[in-house]
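Letter by letter, the chains look like this.
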Amino acid sequence: PVGVPTKDTFDFQPAPMPEPKEGEVVVKATFISVDPYMRGRMTAAKSYVAGFEIDKPLAGGVAGIVVDSKADSLQKGDAVVGFMGWAKYQAVPAKSLRKVDAKTIPMEKHLSSAQYSGLSSWLPIKYIGMPKKGEVAFVNAAAGAVGSCACQLLQIQGLTVVGCAGSPEKIKWLEGLGIKAFNYKDGKFKDLLKKHCPNGIDVAFDNVGGEQMEAILENMNNFGRVICCGMISQYNLKPEDMYGVKNMFHIIKKRLKLQGFIMTDFSAEQKGEAVKELVAWISQKKLITTETVVEGFEKIPEAFAGLFTGKNLGKMLVKV
């Protein structure tokens, strides 16, 4: 698609009830995650992961219940999360799923802050941002799924955190978490950022790219670290319309570290340790997240498009 995907971008097809093979389970989906990065897979351009194929099911994070099993490791009734297709029922290898305890924290948290959103925040903060107590951090798209986790995880590490979002409701929610937040629509972004980070930025968690990245570089302190997580401002633009950052010289001048990442950069051991840390912080109410839940499998296109117009507070999920 060109621009923001619409409901006409998607098609729904009936499918027979799957039968598990040896080592597989059938999962009934309860929640399906829609995420901005998926827009990057709706293209023929070469990337770090293969694009979605036309007339083939899309895939992403799914939470569900095992309803049939031919695997010793999972039984009927087990709650699981994993990377699966957008389908109400599907047969998948048991080894590709993670069994979760839905009594410890709600099922939707296992798909968001204790899984994809949390890991996409905590792992790069821990291994790329290398935060130090007393430093200043900035997070944009701070009321989104990843941004809201990043803000709080940086707070837990003892940093002063400044975030930005695009509505009074989101600012109020962030301030309730103790985040110093501002509305990026209230003026020129570069001026707002300088005003709210008068002593500069040591760690930046960038989800937006474009002009905001340019302003971030302008305000970074020497030896600062910029975690490049996403570029939601650019995903729906043609290459010739994308914003060209003009002040890259700051990388040399300030000896900055800019690093992107994908989840496969991190080992199974690193992810496993991170999940334990995230679940503990959620249980202790040190990491407080919210979800925007759209009800109905047929509403997936609507929920996905809403990501690009700021319809979500926290993680956007579809309840099947």
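Notes on the structure follow. (Residues numbered from 1 in each chain as written. Predicted model: local features only at pLDDT ≥ 70, side-chain atom pairs only at ≥ 80, totals over all residues. Heavy atoms only, no water.)

**A few points about the overall build of the protein**
Within the protein one finds eight helices and 13 strands. Here the C-alpha atoms of the protein give a radius of gyration of 20 Å, agreeing with the 20 Å that 2.2 N^0.38 yields for 320 residues. Overall, the protein is about 60 × 45 × 35 Å in size when its C-alpha atoms are taken along their principal axes. Burial analysis of the protein (320 residues in total) assigns 51% to the buried set. Within the structure as shown, the protein displays about 15900 Å² of accessible surface, and the carbon and sulfur contribution to it stands at 55%. (Helix = DSSP H or I, 4+ residues; strand = E, 2+ residues; numbered from the N terminus. Rg over C-alpha atoms; globule rule 2.2 N^0.38 Å. Buried < 20%, exposed > 50% of the residue type's maximum accessible area, 1.4 Å probe, protein only. Areas by Shrake-Rupley, 256 points an atom, 1.4 Å probe, with all protein chains shown as cover.)

**Points about the sheet that holds strand 6 (residues 136-139)**
Strand pairs in the sheet, formed through backbone hydrogen bonds, run parallel or antiparallel to each other. Taking strand neighbours across the sheet as the criterion, the six strands line up as 8-7-6-9-10-11 in an open arrangement whose pairing is parallel. Edge positions in the sheet fall to strand 8 (180-183) and strand 11 (257-260), since each has one partner strand and no second. Recorded for the sheet is a direction-independent mean angle of 15° between the axes of neighbouring strands. Of the pairings in the sheet, the one linking strand 7 (residues 160-165) to strand 8 comprises four bridges and is parallel in character. Paired with Gly 163 across the two strands is Ala 181, which belongs to strand 8. Taken strand by strand, helix 4 (residues 189-196) contacts strand 6, strand 7, strand 8 and strand 9 (201-206), and its axis lies near 160° from that of strand 8. (Pairing = 2+ DSSP bridges. Axes fitted to C-alpha atoms, helices over the stretch in contact; angles between N-to-C directions. Contact = heavy atoms within 4.5 Å.)

**Overview of the pattern of salt bridges**
Applying the stated criterion to the full structure yields seven salt bridges. Across the pair Lys 126 and Glu 277 runs a salt bridge, and its minimum N-O distance is 3.4 Å. Pair noted here: Lys 126 is in helix 1 (residues 107-129) and Glu 277 is in helix 7 (residues 268-283), with a separation of 151 residues, a long-range link. Of the residues examined, Glu 277 reaches a relative accessible area of 22% and is grouped as partly exposed. Between Glu 135 and Arg 225 there is a salt bridge, and its shortest N-O distance comes to 2.7 Å. Here Arg 225 lies in strand 10 (residues 220-228) and Glu 135 lies in the loop between helix 1 and strand 6, a separation of 90 residues in the sequence. Among the ionic contacts, a cluster of salt bridges with common partners joins Lys 126, Glu 273 and Glu 277. (Salt bridge = Lys/Arg side-chain N within 4 Å of Asp/Glu carboxyl O.)

**Side note on helix 1**
Along its length, helix 1 reaches its greatest deviation from straightness, about 65°, at Gly 118. For helix 1, a buried count of 19 out of 23 residues is recorded, marking the element as mostly surrounded by other parts of the structure. Backbone geometry just after helix 1 places Met 130 at a positive phi near 40°. (Bend = angle between axes of the 7 residues up to and from the residue.)

**A look at the packing of aromatic side chains**
For the structure shown, the criterion picks out 10 aromatic pairs. Plain terms: the ring middles of Trp 122 and Trp 281 are 5.2 Å apart, the flat faces sit at 80° to each other, and that makes the pair edge-to-face. Linking Trp 122 in helix 1 with Trp 281 in helix 7, this pair joins segments that are 159 residues apart in sequence. For the residue pair Trp 122 and Trp 281, the accessibility class agrees, reading buried in each case. (Phe/Tyr/Trp six-rings, centres within 6.5 Å; stacked < 30°, edge-to-face > 60°.)

**Considering unusual backbone geometry**
Phi angles above zero are rare outside glycine, and Met 130 is one such case at about 40°. Structurally, the position occupied by Met 130 is in the loop between helix 1 and strand 6. Residues other than glycine seldom take positive phi values, yet Lys 285 does so here, at roughly 60°. Residue position: Lys 285 is located in the loop between helix 7 and strand 12 (291-295). Take Lys 285: its relative accessible area is 64%, and that puts it in the exposed class.

**So, the nonpolar core**
Residues Ile 125, Val 139, Leu 153, Leu 154, Val 161 and Leu 174 are the most contacted members of the largest nonpolar core, which totals 39 residues. Listed by contribution, the elements that provide at least two residues to this core are helix 1, strand 6, helix 2 (145-156), strand 7, helix 3 (168-176), strand 9 and helix 7. Excluding residues that lie within four positions of it along the chain, Val 161 makes contacts with Ala 137, Val 139, Cys 151, Leu 154, Gln 155, Ile 179 and Lys 180. In this structure, Val 25, Val 34, Ala 71 and Phe 297 belong to the second largest nonpolar core, which totals 29 residues. (Core = buried A, V, L, I, M, F, W, Y, C linked by side-chain atoms within 4.5 Å.)

**Quick word on the environment of Lys 257**
One can find Lys 257 in strand 11. Each residue touching Lys 257, except ones within four places of it in the same chain, is listed here: Tyr 127, Ile 128, Met 130, Gly 224, Arg 225 and Val 226.

**What to know about the side chain of Gln 234**
With respect to the helices and strands, the residue Gln 234 is situated in the loop between strand 10 and helix 6 (249-253). Among all residues touching Gln 234, those that are not within four sequence positions of it are Val 208, Gly 210, Met 242 and Tyr 243.

**Quick notes on the packing of helix 1 against helix 2**
Here helix 1 crosses helix 2 at 55°, and the two axes come no closer than 9 Å. Between helix 1 and helix 2, the interaxial angle falls into the category oblique. The element helix 1 and its partner helix 2 pack so that their crossing is right-handed. The residues of helix 2 that touch helix 1, namely those facing Ser 113, Ser 117, Gly 118, Ser 120, Ser 121, Trp 122 and Ile 125, are Ala 145, Val 146, Cys 149, Ala 150, Leu 153 and Leu 154. The class makeup of the residues in the contact of helix 1 with helix 2 is eight nonpolar, five polar and no charged. (Parallel < 35°, antiparallel > 145°, perpendicular 65-115°, else oblique. Left-handed = near helix turned anticlockwise from the far one by under 90°. Nonpolar A, V, L, I, M, F, W, Y, C, P; charged D, E, K, R; others polar.)

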